[in-house]
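Given next are the chains, with one letter for each unit.
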Number of protein chains: 2
Amino acid sequence: MRTLRFVFLCGLVFAGPTAPAADPLPSWHDTAPKKAILGFVAQVTRDGSPGFVPPAERIAVFDNDGTLWCEQPMYVQLRFALDRVKVLAPQHPEWKTKQPFKKLLATPKEQTVAVTEHELLEIVMATHAGMTTEEFDQIVRDWLATARHPKTGQLYTEMVYQPMLELLAYLRANGFKTFLASGGGIEFMRVFAEKVYGVPPEHVIGSSFKTKYEVRDGKAVIVRLPELHFIDDKAGKPVAIQQHIGRRPVAAFGNSDGDREMLEWTQAGGGARLMMLVHHDDDSREWAYGAESKVGTFSNLLLAEAKRNGWLLISMKADWKRVFPSDP
Amino acid sequence: MRTLRFVFLCGLVFAGPTAPAADPLPSWHDTAPKKAILGFVAQVTRDGSPGFVPPAERIAVFDNDGTLWCEQPMYVQLRFALDRVKVLAPQHPEWKTKQPFKKLLATPKEQTVAVTEHELLEIVMATHAGMTTEEFDQIVRDWLATARHPKTGQLYTEMVYQPMLELLAYLRANGFKTFLASGGGIEFMRVFAEKVYGVPPEHVIGSSFKTKYEVRDGKAVIVRLPELHFIDDKAGKPVAIQQHIGRRPVAAFGNSDGDREMLEWTQAGGGARLMMLVHHDDDSREWAYGAESKVGTFSNLLLAEAKRNGWLLISMKADWKRVFPSDP
């Protein structure tokens, strides 16, 4: 992570609009998306320009899975949940005969298991609830420190997109507040968002469980309950963004059908706006998937709406010099 | 509001720890609360001090009603709701015969009407839901621009506590992020929190309604539904603070039983902590009320817990030179 932090520092210290000498987006080719980003930032930060946006209103929202980090071959948080089932199995002898746990425990890690939506919810509940918020933070922290991506062998926090890290830092250097707005768990993302993305916990918006305040043995704690509170996906994204930020974003970045409403809501504000979608079309450096994929579905409907609304596609293959920080 | 904004600017520009000449809290007497605030800030900002807190973790949370602005003779937002009933009555002929609207409409503004908790909820639903978030913002904005306090004739946004404005600005000048954490409506407070308190919308936490994303006549909107989403009071406060901020505050300010859990949660974090309660004991300049009051109840139980936990009481009478910005 040392490399990443160095990038952030550079971004914050040197990449401001008053010192434009260094390229703030070195991992981007000089193609349309990079030009659009640079043009948009110039427009909103130039006092007196018709597109000028006061710093307080420079809100940018980012989806996480597939937009900032890799979501293949499965969502990272799902991998976490499946790993937790194995860790927790000794405390749950009943899982030996109870589905979906029985089939999960019987399957080697490399193989996939088909689960229904209801079974998935059961797995999530069994692995994400019942502990305090501080305990959950530690469990995720420990897992992220050792769990590795099945294809690359890298830590999941190394499977982040270098061009997007540069974009996050560049926007912040120009007075933007950068928020995550993701279907992922809010408390799951908070564990790494600050260190990896430079996004502090209070700028993380995500799906959540109900929680409960308690005094346990004289100590105040917040306990995670096995009940969904909010799913931050599709039409839930604008709702959660308004609830959390109370301002409409001026820039939004996503990669799948789940981000459509977030981009619509951003665009409907009028004035200078930037809406972009990361397109996974790079089978050699990452993955190529879209309309047919169950993970990060990018349907033809979304593609049509993007064209109609002028949302720019970021081609991983054509627009990015590097994908991951470890790429040469 | 010109005076207030000037205070903020001063706070931000001049009152930093490197320019300690000017008194950052001129409306406070040199009594225990002021000394505690100055001591706490010195401790958390002095690098190398055992109580040092990195800027990113300097989170301070403030209740609003009775802590930052006047809550007597009734909560401002309740006054707003009652005024809205009168404005909306022509569109609701059925209210002439339907309680609680019938009795509200038959009662002059100066007189109080007894309503049950259920009736109160009906009033709130009828006046706070059914419109888009932008429409609601405008309705509140218009009301705040003209509605006046029944005792002083001032705008409600002028009925804020000058010493607390100074405290907010002083904390921010020392790297704190100041959040509202109030039972009041999140979208109601956002309308004035930035201008009056210097607290941006994304730092406002409050009670909320469910909302729904919609595309109406081709335009993306968020509609307020007549259904409560979250009551940000008592044990709900730590829950909402964790959900919204994801970090435990190091300082918390309240004034009533509804703030108890917020102060407990703040204190339980360990390290340097500051918990304070505004005590309304000044019948000549504001109001004197406590255990017997239905608005802003300060029970003997809370008093006992405050003593046990070392939470400092701010006596409006003894500790504040001025109460309101308009005071001499």
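Cut-off values and rules
- Residues numbered from 1 in each chain as written.
- Chains lettered and ligands numbered in written order.
- Predicted model: local features only at pLDDT ≥ 70, side-chain atom pairs only at ≥ 80, totals over all residues.
- Heavy atoms only, no water.
- Helix = DSSP H or I, 4+ residues; strand = E, 2+ residues; numbered from the N terminus.
- Rg over C-alpha atoms; globule rule 2.2 N^0.38 Å.
- Buried < 20%, exposed > 50% of the residue type's maximum accessible area, 1.4 Å probe, protein only.
- Contact = heavy atoms within 4.5 Å.
- Areas by Shrake-Rupley, 256 points an atom, 1.4 Å probe, with all protein chains shown as cover.
- Lys, Arg positive; Asp, Glu negative; His and termini not counted.
- Charge placed at Lys NZ, Arg CZ, Asp CG, Glu CD.
- Axes fitted to C-alpha atoms, helices over the stretch in contact; angles between N-to-C directions.
- Parallel < 35°, antiparallel > 145°, perpendicular 65-115°, else oblique.
- Nonpolar A, V, L, I, M, F, W, Y, C, P; charged D, E, K, R; others polar.
- Pairing = 2+ DSSP bridges.
- Buried area = accessible area lost by both parts, 1.4 Å probe.
- Salt bridge = Lys/Arg side-chain N within 4 Å of Asp/Glu carboxyl O.
- Polar contact = N/O pair within 3.5 Å; in protein donor to acceptor, adjacent residues only side chain to side chain.
- Least-squares fit on C-alpha atoms with pLDDT ≥ 70 in both.
- pLDDT = per-residue confidence, 0-100.
- Phe/Tyr/Trp six-rings, centres within 6.5 Å; stacked < 30°, edge-to-face > 60°.
- Lys NZ or Arg CZ within 6 Å of the ring centre and 35° of its normal.
- Right-handed = clockwise from strand over helix to strand, strands pointing away.

### Notes on the overall build of chain A
- Scanning chain A from N- to C-terminus turns up 12 helices and 7 strands.
- What you see for chain A is a C-alpha radius of gyration of 20 Å, in line with the 20 Å of a compact globule of 328 residues.
- Residues counted as buried form 55% of the 328 residues belonging to chain A.
- Residue pairs at least 24 apart in sequence account for 66% of intrachain contacts in chain A once pairs closer than 6 positions are excluded.
- In the structure as shown, chain A presents an accessible area of about 14000 Å², 57% of it carried by carbon and sulfur atoms.
- Side chains of chain A give 39 positive and 39 negative charges; the mean places of these two sets differ by 2 Å.

### Concerning the packing of helix α3 (residues 76–88) of chain A against helix α6 (residues 133–146) of chain A
Residues and elements named next belong to chain A.
- At a closest axis distance of 11 Å, the pairing of α3 and α6 adopts a crossing angle of 100°. Between α3 and α6, the angle is such that the two are roughly perpendicular. Residues Val 76, Arg 79, Phe 80, Asp 83 and Arg 84 of α3 form the contact with α6, whose own contacting residues are Phe 136, Ile 139, Val 140 and Trp 143.
- Grouping the constituent residues of the contact of α3 with α6 by class yields 6 nonpolar, no polar and 3 charged.

### Let's talk about the pairing of strand β3 (residues 204–216) of chain A
Residues and elements named next belong to chain A.
- One ladder, built from 3 bridges, connects strand β2 (residues 177–185) with β3; its direction is parallel. Residue pairing for β3: Ala 181 is matched across the bridge by Ile 205.
- Here β3 pairs with strand β4 (residues 219–230) via 8 bridges, running antiparallel. Its bridge partner being in β4, Lys 212 is matched across the sheet by Val 223.
- Linkage of β3 to β4, two consecutive antiparallel strands, is achieved through a turn of 2 residues, within which Asp 217 is found at a positive phi near 50°.

### Thoughts on the sheet that holds β2(A)
Residues and elements named next belong to chain A.
- Ordered by their spatial adjacency, 7 strands build an open sheet running β4-β3-β2-β1-β5-β6-β7, and the pairing between neighbours is mixed. The open sheet is flanked by β4 and β7 (312–315), the only strands paired with a single partner. Between one strand axis and the next, the sheet turns by 35° as a mean value, whatever way the strands run.
- Pairing between strand β5 (residues 251–254) and strand β6 (residues 274–279): 4 bridges, direction parallel.

### Digging into the sheet that holds strand β3 (residues 204–216) of chain B
All names here are of chain B.
- If you trace the 7 strands from one edge of the open sheet to the other, you get β4-β3-β2-β1-β5-β6-β7, paired in mixed fashion. The outermost strands of the open sheet, each flanked by one partner alone, are β4 (219–230) and β7 (312–315). When the angles between neighbouring strand axes are averaged without regard to direction, this sheet yields 35°.
- Most of the contacts of helix α2 (residues 32–45) go to strand β6 (residues 274–279), to which it runs at about 155°, and overall it touches β5 (251–254), β6 and β7.

### Let's talk about the interface of chain A and chain B
- In this assembly, 36 residues from chain A lie in contact with 36 residues from chain B.
- In total, about 2900 Å² of surface goes out of reach between chain A and chain B, with carbon and sulfur atoms giving 52% of it.
- Area buried by chain A at its contact with chain B is led by A:Glu202, A:Tyr213 and A:Gln243, which between them contribute 23% of it.
- On the surface where chain A and chain B come into contact, there are 8 salt bridges.
- A:Glu194 is the salt-bridge partner of B:Arg247, the closest N and O atoms lying 3.2 Å from each other.
- There are 19 residue pairs in polar contact (both at pLDDT 80 or more) connecting chain A and chain B.
- At the level of secondary structure, the elements contributing two or more residues to the side of chain A that touches chain B comprise α6, β2, α8 (186–197), β3, β4, α9 (236–244) and α10 (260–267) of chain A.
- Class assignment for the residues of the side of chain A that touches chain B results in 16 nonpolar, 8 polar and 12 charged.

### Re the relation of the copies chain A and chain B
- Rotating chain A by 180° about the axis while translating it 0.0 Å along that axis superimposes it on chain B, leaving an RMSD of 0.0 Å. When the rotation and shift are considered jointly, the pair of chain copies conforms to a two-fold rotation axis. When C-alpha positions in chain A are compared against the rotation axis, the closest is assigned to A:His244, at 3.4 Å.

### Here's the deal with the confidence of the model for chain A
- Taken as a whole, chain A shows an average pLDDT of 93; of its residues, 94% reach a score of 70 or greater.
- Throughout residues 1–16 of chain A the model reports pLDDT below 50, and contacts reaching past four residues in sequence, or to other chains, amount to 29 contacts.

### Here we look at the packing of aromatic side chains
- Throughout the structure, instances matching the rule amount to 28 aromatic pairs over all chains.
- Aromatic pair A:Phe80 and A:Phe188: ring centres 5.3 Å apart, planes at 55°, arrangement tilted. Remark: A:Phe188 occurs in helix α8 and A:Phe80 occurs in helix α3; sequence separation between them is 108 residues. Take A:Phe80 and A:Phe188: they sit in the same class, and that class is buried.
- Relative to B:Phe192, the ring of B:Trp69 has its centre 4.5 Å away and its plane inclined at 15°; by these criteria the two rings are stacked. A residue pair is termed long-range when its members are at least 10 positions apart, and B:Trp69 in the loop between β1 (59–62) and α3 (76–88) and B:Phe192 in helix α8 (residues 186–197) qualify at 123 residues.
- You can call B:Trp69 buried: its relative accessible area is 1%.
- The rings of A:Trp69, A:Phe80, A:Phe136, A:Trp143, A:Tyr156, A:Phe188, A:Phe192 and A:Tyr197 are connected pair by pair, giving a single aromatic cluster.
- Note that A:Arg224 overlies the ring of A:Phe136, its terminal NZ or CZ placed 3.8 Å from the centroid.
- The lysine or arginine in question, A:Arg248, covers the ring of A:Trp265, its NZ or CZ lying 3.6 Å from the ring centre.

### Here's the deal with the pairing of β6(B)
All names here are of chain B.
- Burial within β6 is extensive, with 5 of its 6 residues counted as buried.
- For the handedness criterion, the β-α-β arrangement of β5, helix α10 (residues 260–267) and β6 is classed as right-handed.
- With 4 bridges connecting them, β6 and β7 associate as parallel partners. By the bridge assignment, Leu 277 is partnered in β7 with Leu 313.
- For the handedness criterion, the β-α-β arrangement of β6, helix α11 (residues 300–309) and β7 is classed as right-handed.

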